[in-house]
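Structural characterization, general
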Amino acid sequence: MSESRTPTAKAIEGSNAIRGLWSSRFAFILAATGSAMGLGNIWKFPYITGENGGGAFVLVYLLCIAAIGLPIMMAEVLIGRRGGRSPVNSLKAIAGHDRLNPAWRMVGVIGVIAGFLILSFYSVIGGWAVSYVGTAASGQLTGQSADAIGAIFSDLLADPLTLLMWHTLFMALVMFVVAKGVRAGLERAVTFLMPALFLLLLTVVGYAMTTGEFGRAVTFLFQPDFSKLTTSGILVALGHAFFTLSLGMAVMMAYGSYLPKGISIAKTSIAVCVIDTGVALLAGLAIFPIVFANGLEPGAGPGLIFQTLPLAFGQMPMGSLFGTLFFVLLIFAAWTSGISLLEPIVEWLEEQKGMNRTRSTLAAGFVCWLLGIASILSLNLWSDFAPLGWIGMLEGKTIFDLLDFFTANILLPLGGLLVAVFAGWVMSREAMEKELALSKPMFRLWYITVRYITPVAVGAVFIYNLFGS
Ligand code: TRP
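This section reports on the structure supplied with the text. (Residues numbered from 1 in each chain as written. Predicted model: local features only at pLDDT ≥ 70, side-chain atom pairs only at ≥ 80, totals over all residues. Heavy atoms only, no water.)

**Observations concerning the pattern of salt bridges**
For the structure shown, the criterion picks out 8 salt bridges. Salt-bridge contacts for Arg81 lead to Glu435; the nearest nitrogen and oxygen are separated by 2.7 Å. Residue Arg81 is located in helix α4 (residues 55-83), and its partner Glu435 is located in helix α18 (residues 429-436); the two are separated by 354 residues in the primary sequence. This pair shows no difference in class: Arg81 is buried, exactly as Glu435 is. (Salt bridge = Lys/Arg side-chain N within 4 Å of Asp/Glu carboxyl O. Helix = DSSP H or I, 4+ residues; strand = E, 2+ residues; numbered from the N terminus. Buried < 20%, exposed > 50% of the residue type's maximum accessible area, 1.4 Å probe, protein only.)

Following this line, the structure appears as structure tokens:
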């Protein structure tokens, strides 16, 4: 549209005002945590930790959060707030204002592509959670053996039509909130759901502490055994740091554009990182005691939480009730994350193509839904189909695996790398100093990190993985 051709200082300073702002810093934290905290924490973190041998992997993951994730999150929020528009146009506006190459808006474009790809399979897993609400509520889990619980899960995966139904329902939930607009829908939804999920997770941890092999789980999670750490494990840990914090696809940029001026970007980002990481570790502490107590396989893969938690709910008093509640809350966690995957795409369609909100939501949602069908089929009918199997590293990966691998381990770190380079090398330093309003030494620490440490670290992990083995 014509207004974005010549972005002026006014466009940058004034644009926040046109759009709804978060009502407070707290609301922003809730929404950003709502985005960050999702299936990544409860579904993905435990299973990749199991697959990658535990402690050493967890340590690398924590390092990636602190040294790479947090600084990039700050950079994203900063760019978003300064630009005050959808990610693509924020980058374009800042680039125009600081007389930079407009090609920088590609960072936003990568984000839009990553959003499509992630949401397509994310919604399928969200669908699993929807399905388990019924499984738990109907009492089917009560007193079941590990084998019987495993069979419930494999029966679900074997049935494309049921998966399609739940995937459709999940996408519809996401689209419904996005269509209503961020302020009206998101803030209200997030305010009471996130704390509830946290409490329920604590309940399961409490149960696991008293009945499961808690000590072994703690050792597994926190005692690093570096002989178990592989090159690809490091890439997975790095990729997951981006995935779990919703970084690298401009989501935090989009949310940052709603953050009122004068609120500390550093403090808010730290809060989001700490909460998000805490929830992932809690999920690990809930799941691994059950894994060990029942002789299950920590490296069981994507089905891990659906094969362990139901077992616990089947044994604990009032398990059907707790199980139902747990999966309902898991849906909410996935829902708020799904919303944040769709939101930037919709914002972009609105600004760029001039579509109204409802129509852009329908269009973007439909594409994700359609793409999701490929993930559904790769769990059953296409489970032997590995389209890129001839590439060593991608051997045996189904479409679903590929989407996960390509987005989390390649696209997001790449997006994050570009954000770091944009902030560290391209954007005006004074503008950033003003926006972050940190003390001199803290600003320098952040600046050096995004300027040198992050690009080198991400680049090294990439190169090492491509050529290392
Ligand atoms: N962080 C979410 C989770 O852990 C997933 C997610 C939501 C995401 N929005 C994102 C990942 C944007 C990357 C980019 O479940």
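**Describing helix α7 (residues 146-157)**
End to end, α7 covers 17 Å across 12 residues, agreeing with the expected 16 Å (1.5 Å per residue, within 8%). Along α7, the residues that are buried comprise Ile149, Gly150, Ile152, Phe153, Leu156 and Leu157. Down the axis of α7, the buried set is contained in an arc of 155°. They therefore lie on one face. Away from its buried face, by an angle of more than 90 degrees, α7 presents the exposed residues Asp147 and Asp155. At its buried positions, α7 is contacted by α6 (106-137), α8 (160-180) and α14 (304-315). (Expected span 1.5 Å × (residues − 1). Arc of directions from axis to C-beta. Contact = heavy atoms within 4.5 Å.)

**Quick look at the side chain of Thr398**
With respect to the secondary-structure elements, Thr398 resides in the loop between α16 (357-377) and α17 (399-426). Leave out the neighbours within four places in its chain, and Thr398 touches Ser378, Trp382, Ser383 and Phe385.

**Some points on the site of the ligand**
As a structural note, the neighbourhood of the ligand is formed by 17 residues, with Ala36, Gly40, Tyr122, Phe243 and Ser246 the closest of them. A distance of 3.4 Å is found between an oxygen atom of the ligand and a side-chain nitrogen or oxygen belonging to Asn41. Phe243 has a polar backbone atom sitting 2.8 Å from a nitrogen atom of the ligand. Broken down by secondary-structure element, the contributors of at least two residues to the shell around the ligand are α2 (25-36), α3 (39-51), α6, α11 (231-244) and α15 (319-353). A class-by-class count of the residues in the shell around the ligand yields 9 nonpolar, 8 polar and no charged. (Near = heavy atom within 4 Å. Polar contact = N/O pair within 3.5 Å; in protein donor to acceptor, adjacent residues only side chain to side chain. Nonpolar A, V, L, I, M, F, W, Y, C, P; charged D, E, K, R; others polar.)

**Observations regarding a nonpolar patch on the surface**
Residues Leu388, Trp390, Ile391 and Met393 make up a contiguous nonpolar surface patch of roughly 400 Å² in combined accessible area. Inspection of the secondary structure puts Ile391 in the loop between α16 and α17. (Patch = residues over 30% accessible without salt bridge, like charges linked within 9 Å, V, L, I, M, F, W, Y side chains within 5 Å. Areas by Shrake-Rupley, 256 points an atom, 1.4 Å probe, with all protein chains shown as cover.)

**With respect to the environment of Asn41**
Looking at the secondary structure, you find Asn41 in helix α3. Only 2.8 Å separates the side chain of Asn41 from the side chain of Asp276, close enough to count as a polar contact.

**Some details on the packing of aromatic side chains**
Each aromatic ring pair is described using two quantities: the centre-to-centre distance and the angle formed by the ring planes. Under the definition given, this model contains 22 aromatic pairs. Both rings, one in Phe306 and one in Phe327, keep their centres 6.1 Å apart while their planes meet at 15°; by these two values the pair is stacked. Separated by 21 residues along the polypeptide, Phe306 in helix α14 and Phe327 in helix α15 bring together distant segments of the chain. The same class applies to Phe306 as to Phe327, namely buried. Here the aromatic cluster, defined as three or more aromatic residues joined through ring pairs, consists of Trp128, Tyr132, Phe153, Phe306, Phe313, Phe326 and Phe327. Across the ring face of Tyr447, the terminal group of Arg429 is positioned such that the distance to the ring centre comes to 4.5 Å. In this arrangement the basic side chain of Arg451 is found over the ring face of Trp425, its NZ or CZ atom lying 3.8 Å from the centre. (Phe/Tyr/Trp six-rings, centres within 6.5 Å; stacked < 30°, edge-to-face > 60°. Lys NZ or Arg CZ within 6 Å of the ring centre and 35° of its normal.)

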